[in-house]
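Structure at a glance
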Amino acid sequence: MFLLSKLPSVDLAALLVLEEEFNIGEVLECLVVNHNDSVFIGLLKLLDDNNDLRTALVSDSSHDGINWTEFSDLCASLGEEKIAEDIQAFAITNDAIASAAASLTED
């Protein structure tokens, strides 16, 4: 993940997510940890503008520790309410599916 800590541009981040199939959650996590807010929000805006954000979110298979709420809050604080709402909706849906799957395996 050292490569991700120094992502210099939105284009490179988008390339990793769209073409190299990196998990968007892990890319966003690295950008947040390294305080790279401009690439973080730029990547999300680019994906949203090209109608790729929801696809990237749905196909994400990042580890369970990804803090989607933190990403949503950061988007809202950077003035991107629509993207924040999309990420929050994904997080709620993802949690509901995980809970449903867990309850099925308990039976």
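What comes next concerns the included structure. All figures in this text were calculated on a predicted structure; none of them were measured in a lab. (Residues numbered from 1 in each chain as written. Predicted model: local features only at pLDDT ≥ 70, side-chain atom pairs only at ≥ 80, totals over all residues. Heavy atoms only, no water.)

1. Side note on the packing of aromatic side chains
For clarity, the threshold we go by: Aromatic pairing here means that ring centres of Phe, Tyr or Trp (its six-membered ring) are within 6.5 Å. Orientation follows from the plane angle: under 30 degrees is stacked, over 60 is edge-to-face, and everything else is tilted. Here a strand is any run of E in DSSP of at least two residues, a helix any run of H or I of at least four, and the numbering for each starts at the N terminus. To sort residues, take the accessible area from a 1.4 Å probe on protein chains only and compare it with the maximum for the residue type: under 20% means buried, over 50% means exposed, and anything in between is partly exposed.
According to the stated counting rule, one finds three aromatic pairs in the structure shown. Pairing Trp68 with Phe71 gives two aromatic rings, centres 5.5 Å apart and planes at 90°, and the pair type is edge-to-face. Linking Trp68 with Phe71, this pair stays in helix α6 (residues 68–77), spanning three residues, or about one helical turn. The residues Trp68 and Phe71 share a single accessibility class, namely buried.

2. Quick look at the nonpolar core
Convention followed: Definition used in this section: a nonpolar core is a set of buried Ala, Val, Leu, Ile, Met, Phe, Trp, Tyr and Cys residues joined via side-chain atoms within 4.5 Å. We call two residues in contact whenever any of their non-hydrogen atoms come within 4.5 Å of each other.
If you look at the biggest cluster of nonpolar residues, it comprises 27 residues, and the most contacted ones within it are Ile24, Phe40, Leu43, Leu44 and Trp68. Looking at this core, the element that brings in the most residues is helix α4 (residues 37–49), giving six residues. Each residue touching Phe40, except ones within four places of it in the same chain, is listed here: Leu28, Leu31, Val32, Phe71, Leu74 and Cys75.

3. Observations regarding the environment of Leu46
Here Leu46 shows up in helix α4. Of the residues examined, Leu46 reaches a relative accessible area of 28% and is grouped as partly exposed. A sequence separation of 35 residues divides Leu46 from Asp11, and the C-alpha atoms of the two residues are 8.7 Å apart. Leave out the neighbours within four places in its chain, and Leu46 touches Val10 and Ala14.

4. Overview of the packing of α4 against α6
The cut-off we apply is this: Every axis in this analysis is a line fitted to C-alpha atoms, fitted for helices over the stretch in contact. Angles between the N-to-C directions lie between 0 and 180 degrees. The scheme is simple: roughly parallel for angles under 35 degrees, roughly antiparallel for over 145, roughly perpendicular for 65 to 115, oblique for anything else. As a working rule, the residues Ala, Val, Leu, Ile, Met, Phe, Trp, Tyr, Cys and Pro are called nonpolar, Asp, Glu, Lys and Arg charged, and the rest polar, with Gly in that last group.
The geometry of α4 relative to α6 is characterised by a closest axis approach of 11 Å and an angle of 95° between their N-to-C directions. When the axis of α4 is compared with that of α6, the two are roughly perpendicular. Along the contact surface, α4 presents Asp37, Phe40, Ile41 and Leu44, while α6 presents Phe71, Leu74 and Cys75. The residue inventory of the contact of α4 with α6, partitioned by class, reads six nonpolar, no polar and one charged.

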